[in-house]
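A closer look at the structure
The residues making up each chain are set out below.
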Amino acid sequence: MHDVRKSFDGVEVLHGVSLDVRAGEIHALVGENGAGKSTLMKILAGVYVDYTGTIEIDGRPVRFGSPRDAERSGVAIIHQELALVPWMSVAENMFLGREPVTLWGTVDYGRMRAEAARFLGALTPGIDVRRNVAEYGVSVQQLIEIGKALSRNARILILDEPTSALSDAETERLFEILRGLRARGVALIYISHRMDEIYRIADRITVLRDGAYVGCRRASDLGRDEMIHWMVGRQIEQLFPKHMRAPGRERLRVEGLSLRAGAGGKMLVNGASLVVRAGEVVGLGGLMGSGASELLGAIFGRYGRQCSGKIWVEGRPFVPRSPRHALAAGLAMVTNDRKASGLVLPMSVLHNMTLAALPRATRAGWLRGDIERRLAEPLSRELSLRAPSLHAPITALSGGSQQKVILARWLMTEPKILLLDEPTRGIDVGAKADIYELMNRWTAAGIGILLITSELPELLAMSDRILVMSRGRITAELSREEATQERVMAAAV
Amino acid sequence: MTAGLPRICHSPGFRAALALVGVLALGCFLNADGTFFKFKTHHDLLGAVAINGMLACGMTLVIIAAGIDLSVGSVLGVCAMCFPLFTMAQHWPAWLAFLACLAIGAIAGAVNGALITLCGMQPFVATLATMVSARGLAKYVPTFAGLTAGQKIQPTEGLGPPVFDLIDGRILLWEAPWGRVQLPIVTIFFLACVAVLWVVVTQTRFGRHLYAIGGNEEAARLSGIRVGWNKLFAYAICGLTAGLAGICQAARDHLGDPEAGFTFELKAIAAVVIGGTNLMGGRGGMLLTLVGVLIIGYIEKILSINNVQEAGRLLIQGAIIVVAVIIQRRRG
């Protein structure tokens, strides 16, 4: 791809970006959110057709008119959100839209299954192509997507944040498979925010910033600090701000909390106990499926009476009947999925911000727009929110800014305890640093924070104490001094 | 595409207004020998759209909260039967009959809401069921007046109690040089619905909650919003407007017809959608619905003054809904 430019509504978002990817290499494409990675990849995959610049595949210039065109030339993209039909079998999904047919014009299921099994078997053993996709977890679904791409003769495979929903073991397995594909001569473009992964898997790295090409270098020649410098245009000496905390009195106490998945289902949380004091950050570590998210949700009343156990907030017994009760008790929760359970996409920035604190903006039954603004303005300054205006649609904001809006929503309720589930997932380095800084400010103001993060450096740097969960149980409690990546991981597996 | 146009051009309000202007321009073109330019034409139109308008206002609340109410036509039918039953057969005072019919409408709506929030039924299915049952109820009402089921309830002598004439009447606003400016009472009811519900959706917490529920129900729940209660309330208000429309329908007909309101729910939904309120929920507004009601009303008017028969009218109306929705989809 050479000198690619693309505009939306007259605003240029890609300013002459170049990228060259070779067969048999894993090429990492990095940059902050909004740097133009996704746009560039959508052009390559034939989603956006009006751009300037040239794309060559095997030396031949191509210009795709549709995703189908791109697919025919061997380009396949695997999106962060997987595009499989849950209630169809694995084989049916892989051959969706090009099912093999028999002489009679009916679908040749036998051949379809055999072909599907052949492609998947080359990747990983043990997937039954007759079962529904919904029966498999995200990691297997991802492999199915890769198998689907390969069965369509993909020679250029784009992976957009493939590990964001995977555990470390699953990530390892994916990496094995990617290395296998590399050996077979497939060109892989790998988009990720996770530095460690990039350095483990990538051969070369291309960095974009604000829609412009910054540089491309072999991964072994590009130091981590230098890459961050390329991405943000400034050296971040300290991603994690220094923290000085003095834990105060007890804010939250949980004893023997259990949560079952439906009647007779498996235990998602099994007898968890913990304490969060004023002004401290308690980190909750664990791999995907450890039950940490469910524990947070249960404390916040997401599961109503399904959970058992005892909770005290500010020394008073608290039964988490609903999020409404949790809110009234002084709890607030940022979920790990901004789109699904955080943002109200049709609403403006302001309305998203005030959603949980509407009673504060009501006088005599009337919702007062002026009070809403008065509540929101100081917060958006405090969070250094970058938004064109408070009345802009929330969709116009970058991921990091959207996350700040959600944080502002909960701060507006004046919580005593903040439950943060992956607060920095999928946001750029600058916004991450802002959020760490804010967490320190909140703890200084006496708020107790319970933090889930799957990024170990973040967990170690931000927590005063670390609890590690595995299969629904809390398996370790480590002080800040004791905690190392190895110890956390040992308790998590 | 529409790149480069100012932001306002992308707003649903602008699109709806533009569509209305387009329809009016069409009317000027197809003016049926000047009939379209007569003051009376527009005057009558305001009365003709009122009943559909009331239904559309209530429907807007439900659709903003990502629901749908198919039962409003049948609920209208029930109330259009009960009003003559109470006033003609049971000789209740008019105000009591009026309030009783509104209550019946609201209760029917609340039943919809309860089926959806307590029993977890899909809005389409729940309100489809009440649509069928309420129609049955409308046909059963005459038995309370000593008639057989399915019969019309008619006044024993003349035009029935004076309240019918009152609601069917007009009030004189202005003795203008080009004619008397009179506003039908039903139009006042309709405009009152628009005004009150506009205030509700834009100026109250309840309104904001509906947008949040329609936009992202889980986010709304986590923000401490009582999702169930708010939905129930929205359906109850929708039923209430159907009750009001039923009273107006009975007053206009001067009798109770058990078939009243048949397929009205579809026309009300069409008005909401043409206005630009999104069936996916979370977007839309009461003023958009007002414009949508006027667009549908004008299309019907233009077709009828040009002597297009009913078959043609329906065909063209359907085509217009398609065009309206396509325009809506172009947004964003």
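These lines cover the structure that appears in this document, whether it is placed above or below. The shown structure was predicted, so the numbers you read here are calculated from the model rather than taken from an experiment.

In this section: the overall build of chain B. A tally of helices and strands in chain B yields 14 helices and 2 strands. Radius of gyration (C-alpha) of chain B: 20 Å, near the 20 Å computed for a compact globule of 332 residues. Seen through its C-alpha atoms, chain B measures out along the principal axes to roughly 65 × 60 × 35 Å. Every one of the 332 residues in chain B was classed for burial, and the buried ones make up 51%. Total accessible area on chain B is roughly 14,900 Å²; 68% of this is exposed by carbon and sulfur atoms. In chain B, 22 side chains carry a positive charge and 15 a negative one; their mean positions are 12 Å apart.

The next thing to look at is the interface of chain A and chain B. Counting residues at the interface gives 29 residues for chain A and 23 residues for chain B. Roughly 2,200 Å² of surface becomes buried between chain A and chain B when both sides are summed, with 59% attributable to carbon and sulfur atoms. Our count for the chain A to chain B interface comes out at 2 salt bridges. Counting the contacts that link chain A with chain B gives 10 residue pairs in polar contact (both at pLDDT 80 or more). At the level of elements, α10 (323-328), α11 (338-341), α12 (349-354), β18 (366-367) and α14 (399-411) of chain A are the ones that each hand at least two residues to the side of chain A that touches chain B. When grouped by side-chain class, the residues that make up the side of chain A that touches chain B number 16 nonpolar, 7 polar and 6 charged.

Let us look at the pairing of strand β22 (residues 473-479) of chain A. All names here are of chain A. Note: strand β21 (residues 465-470) against β22, 6 bridges, orientation antiparallel. Of the residues in β22, the one forming a bridge with L467 is E477. Counting the residues between successive antiparallel strands, the hairpin from β21 to β22 contains 2 residues, one of them, R471, with a positive phi of roughly 45 degrees.

Turning our attention to the sheet that holds strand β16 (residues 331-334) of chain A. Residue and element names in this part refer to chain A. One open sheet accounts for 6 strands, arranged β16-β19-β20-β13-β21-β22; its pairing is mixed. In the strand order of this sheet, the two ends are held by β16 and β22, each with one partner. Each strand of the sheet is rotated relative to its neighbour by a mean of 20 degrees, with strand direction disregarded. Note that strand β13 (residues 281-285) and strand β20 (residues 448-452) share 4 bridges and pair parallel. Following the sheet pairing, V282 is matched in β20 by L450. Across the sheet, helix α15 (residues 429-444) touches β13, β19 (417-421) and β20, and the angle it forms with β20 is around 145 degrees.

All right, on to the packing of helix α12 (residues 264-275) of chain B against helix α13 (residues 286-305) of chain B then. The description of two packed helices rests on the angle between their axes and on the distance between the axes. All names here are of chain B. Contact pair α12 / α13: the axes reach a minimum separation of 7 Å and the direction vectors enclose 115 degrees. Once α12 is placed against α13, the crossing between them reads as right-handed. Residues K267, A270, A271, V272, I274 and G275 of α12 pack against L288, T289, G292, V293, I295, I296 and E300 of α13.

Mapped onto the elements of the fold, B:N278 is located in the loop between α12 and α13. Here B:M280 takes part through its backbone nitrogen, which lies 2.7 Å from a polar atom of the side chain of B:N278.

Below, the discussion takes up the pattern of salt bridges. Tallied over the full model, the rule gives 32 salt bridges over all chains. Notably, a salt bridge pairs A:D108 with A:R111, separated by 3.8 Å at the nearest N-O pair. Take A:R111: its relative accessible area is 46%, and that puts it in the partly exposed class. When the shortest N-O distance is used, the salt bridge between B:D44 and B:K40 registers 2.8 Å. Taken together, the positions of B:D44 and B:K40, both in helix α2 (residues 39-48) and 4 residues apart, correspond to about one turn of that helix. Owing to a relative accessible area of 55%, B:K40 belongs among the exposed residues under this scheme.

Relative to strand β5 (residues 60-62) of chain A, strand β4 (residues 52-57) of chain A runs antiparallel, the two sharing 3 bridges. Opposite A:E56, over in β5(A), you have A:P61 as the bridge partner.

In any sheet, the strands associate via hydrogen bonds between backbone groups, in a parallel or an antiparallel arrangement. Residues and elements named next belong to chain A. On the basis of which strands lie adjacent, the open sheet formed by 4 strands has the order β12-β11-β14-β15 and antiparallel pairing. Every other strand in the sheet has two partners, leaving β12 (267-277) and β15 (316-317) as the edge strands with one partner each. Judged from the 6 bridges that link them, strand β11 (residues 250-260) and strand β14 (residues 307-313) form a sheet pairing that is antiparallel. Among the inter-strand pairings, L252 is bridged to a residue of β14, identified as V313.

Let's shift gears to the packing of aromatic side chains. Any aromatic ring pair is given by two values, namely how distant the centres are and how the planes are angled relative to each other. Going through the model one piece at a time under the given rule, you end up with 9 aromatic pairs over all chains. Residues A:F175 and A:Y190 carry aromatic rings whose centres are separated by 6.1 Å and whose planes lie at 70 degrees to one another, so their mutual orientation is edge-to-face. Here A:F175 is found in helix α6 (residues 168-183), whereas its partner A:Y190 is found in strand β8 (residues 187-191), with 15 residues between them in sequence. Residue A:Y190 is classed as buried on the basis of its relative accessible area, which comes to 0%. Between B:F36 and B:F37 the ring centres are 6.3 Å apart and the planes differ by 75 degrees, which places this aromatic pair in the edge-to-face class. Residue classification places B:F37 among the exposed positions, given a relative accessible area of 51%.

What follows concerns the environment of A:L208. All names here are of chain A. Mapped onto the elements, L208 comes out in strand β9 (residues 204-209). Residue classification places L208 among the buried residues on the basis of a relative accessible area of 0%. Once the C-alpha coordinates of L208 and G31 are considered, the two residues, 177 residues apart in sequence, prove to be 5.0 Å apart. Look past the residues within four positions of L208 in its chain and what remains in contact with it is V17, L29, V30, G31, E32, A35, G36, K37, L40, Y213 and V214.

Among all residues except glycine, the phi angle is most often negative; among peptide bonds, the trans geometry is most common. Residues and elements named next belong to chain A. One non-glycine residue with positive phi stands out, namely E314, at about 55 degrees. Looking at where E314 falls in the secondary structure, it is placed in the loop between β14 and β15. We classify E314 as buried; its relative accessible area is 17%.

Rules behind the numbers
- Residues numbered from 1 in each chain as written.
- Chains lettered and ligands numbered in written order.
- Predicted model: local features only at pLDDT ≥ 70, side-chain atom pairs only at ≥ 80, totals over all residues.
- Heavy atoms only, no water.
- Helix = DSSP H or I, 4+ residues; strand = E, 2+ residues; numbered from the N terminus.
- Rg over C-alpha atoms; globule rule 2.2 N^0.38 Å.
- Buried < 20%, exposed > 50% of the residue type's maximum accessible area, 1.4 Å probe, protein only.
- Areas by Shrake-Rupley, 256 points an atom, 1.4 Å probe, with all protein chains shown as cover.
- Lys, Arg positive; Asp, Glu negative; His and termini not counted.
- Charge placed at Lys NZ, Arg CZ, Asp CG, Glu CD.
- Contact = heavy atoms within 4.5 Å.
- Buried area = accessible area lost by both parts, 1.4 Å probe.
- Salt bridge = Lys/Arg side-chain N within 4 Å of Asp/Glu carboxyl O.
- Polar contact = N/O pair within 3.5 Å; in protein donor to acceptor, adjacent residues only side chain to side chain.
- Nonpolar A, V, L, I, M, F, W, Y, C, P; charged D, E, K, R; others polar.
- Pairing = 2+ DSSP bridges.
- Axes fitted to C-alpha atoms, helices over the stretch in contact; angles between N-to-C directions.
- Left-handed = near helix turned anticlockwise from the far one by under 90°.
- Phe/Tyr/Trp six-rings, centres within 6.5 Å; stacked < 30°, edge-to-face > 60°.

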